Amino acid sequence: MRSTIVRTTTGAALLLALAGCAGAGGGGARVESAEASGDGTLRIGLIQDSTGKQAFLNDSQLAAAQLAIKEINAAGGHKGRPVDLVVGAGDGADAQARSLASAKVDAVIGPTDSSHAAAAIDVLAAARVPLVSPANSAAGLSRYKSGGYYFRTAAADVAQASVLVKLAKDGGAKSLAVVHQDSSYGKDVAAAVAGAAKNAGLETVSTTAFKPGAAGNAAAAAKAATPDAVVLIARDDAQGAIAELNNAGLSGKSIILSDGAFAQYGSGLGSKALEGARAVVPGLLPSADFQARLVSVNPALKDLSFAAETYDAVNLAVLAAAKADDDAGRSIAANLIAVSGGTGGGQPAAQAPGPATKPCLSYTDCLAVLKTGAGINYDGESGPVAFDANGDITTANYMVFTYGADNRAVLSGHEAAGRATG
C-alpha cells in the first residue's frame, strides 16, 4: 500500500469567497457553551468531493471513516446507541452538504479540496453542524467566517515554512533564496518562509516568482543573489523549475523542495540534479497496525492518502459528543477544541473540565479518561491535533526525504512545526 501525497489546490473561486467572507475566524461555536439539544442518535456525515484522477482519494477516506465508526460502535457507541455514518449524496461538496444537513447529521467530515470548502461551510454552519476536513490546506481558510463550525485535521500549507528553513539552517546555510510559483500557494508559503527565516537568523537574499514553464528568470535571479540554499515552492511544473535552477548552476544539496514540489523525478532530470536535495511531505507514514485495520474494512484499498486525518476527525467528533453528553452539532463544535487538547483564544477551551495530564491514543482510551473526570487530549494516527480558536491544528508533522544521485528520494527523517497556521 502507498500513501500518495496530494495537496489540493486553492481555486480563484475560493480566493474570492475568502476575500468577501474573511474575518475573525476564531471563537464562535468553538468556545461558546451549548445546551443539550440532540435527538439521541449521533450521525457522522462524509463528503466525498474527489473526481477524475483524484477519485481514488474517496476510497481511503471512506475506509478510514468506516473503521473509526466500527471501532467506536464496538466500544459501545454513543450513550449505548450505534453511531451512524452517512455518506453525502449528489454532485459537488455543496450538494452533499445539503443532503447531509437534510439527513440531520450532527458532524461532517470533508471535503478534500480546499476550493470546495467555502460552499460546504456555508451550508453546514447555517445548520449548526461542524465540518472537520481531513485534507484542506489553504491558508485563507483559517480566517473564513464559519461561526466556529469549521475545523481541520490537516495542516495549513504555511506550516511547512519553519521546517523548510530549519532544513536550510541544519545544512549550514546562513542565507537563502526563495523561488516560488506565482499562485496563492506559492505566495503564501514564500511569505511564511521569509518570516521563519528572519526568526531563525537567516537572511532571505532573493524572492522571485515564476509562471509554470517560465522559471528561467527566477532561477537566474536566485543564482545572482549567491544564496547558500534555495527553497523551491511550487505545485505546477516543479520539474521545469528544478531544471532551470540546474541550468543556472544551482543543484544538489543546496535545493530544498516544498511539499507541492516533492516527486520521484528519476530520469526526468539530469544526472545528480537533486543529489543531496531535501523535500518535505506532510504527515506520518501509517503504522502497519493501522494499515491492517483499514484493509480489514476494504481489502481492495490501494492508497492511504488522508486516511489517518479522516480517522482522527471521526474520533474527535464522537469524543466531543461524549464529552458533551449530547449529539447535537453545536455541542460537538463547543467541545472539539477541548478533546483535542487544544486551547481557544489563548485560554483553555470553555468546555474543558481541566487540563489533560497526558495524551490518550485511541477512542477507547480517551473515553476511559473522560469517565474519570479528567480532560481529554486525543493524539491519533495523524499525530497530535490540539485545535486552536480557528479550528486549526497547532502541531504539524512532516517527513523529510533526501534525494540520491538517481533523483529519487528516500525517507531520511521527521520534523514537527509548532504552529499549523504560521
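Residues numbered from 1 in each chain as written. Predicted model: local features only at pLDDT ≥ 70, side-chain atom pairs only at ≥ 80, totals over all residues. Heavy atoms only, no water.

Visitor: Break down the nonpolar core for me, citing the residues and quoting the values.
Guide: Core analysis: the largest hydrophobic core is formed by 97 residues, its most contacted members being Ile 44, Ile 47, Leu 176, Val 193 and Leu 294. A per-element tally of this core places helix H10 (residues 307–324) first, with 12 residues. Look past the residues within four positions of Ile 44 in its chain and what remains in contact with it is Ile 69, Val 83, Asp 84, Leu 85, Val 86, Ala 107, Ile 109, Ala 317 and Val 318. Residues Ala 177, Phe 210, Ala 222 and Leu 269 belong to the second largest nonpolar core, which totals 29 residues. (Core = buried A, V, L, I, M, F, W, Y, C linked by side-chain atoms within 4.5 Å. Buried < 20%, exposed > 50% of the residue type's maximum accessible area, 1.4 Å probe, protein only. Helix = DSSP H or I, 4+ residues; strand = E, 2+ residues; numbered from the N terminus. Contact = heavy atoms within 4.5 Å.)

Visitor: Report on the confidence of the model for the protein chain, specifying residues and quantitative values.
Guide: Here the protein chain averages 90 in pLDDT, and 90% of its residues register 70 or above. With pLDDT under 50 throughout, residues 8–24 is counted as low confidence; its partners more than four residues away or in other chains account for 33 contacts. For residues 346–353, every residue scores under 50 in pLDDT, and the model assigns this stretch 20 contacts once sequence neighbours within four places are set aside. (pLDDT = per-residue confidence, 0-100.)

Visitor: Break down the packing of aromatic side chains for me, citing the residues and quoting the values.
Guide: By the definition in use, this model includes 4 aromatic pairs. Measuring from ring centre to ring centre gives 4.9 Å for Phe 262 and Phe 401, while their planes differ by 45°; the resulting arrangement is tilted. Placement of Phe 262 in the loop between strand S9 (255–257) and strand S10 (278–282) and of Phe 401 in strand S15 (residues 396–403) is noted, with a sequence separation of 139 residues between them. On the numbers, 6.3 Å between centres and 35° between planes, the contact of Tyr 265 with Tyr 403 is tilted. (Phe/Tyr/Trp six-rings, centres within 6.5 Å; stacked < 30°, edge-to-face > 60°.)

Visitor: Pulling in residues and values, what's your account of the pairing of strand S6 (residues 175–181)?
Guide: Most of S6 sits inside the fold, with 7 of its 7 residues counted as buried. Here S6 shows two buried faces, one formed by Ser 175, Ala 177, Val 179 and Gln 181 and the other by Leu 176, Val 178 and His 180. In this structure, S6 lies alongside strand S7 (residues 203–210), joined through 7 bridges in parallel fashion. Across the sheet, residue His 180 finds its bridge partner in S7, namely Ala 209. Following the chain from S6 across helix H6 (residues 184–200) to the adjacent parallel S7, one finds a crossover that is right-handed. In the sheet, S6 pairs with strand S8 (residues 229–233) via 5 bridges, with the strands oriented parallel. Paired with His 180 across the strands is Ile 233, a residue of S8. (Pairing = 2+ DSSP bridges. Right-handed = clockwise from strand over helix to strand, strands pointing away.)

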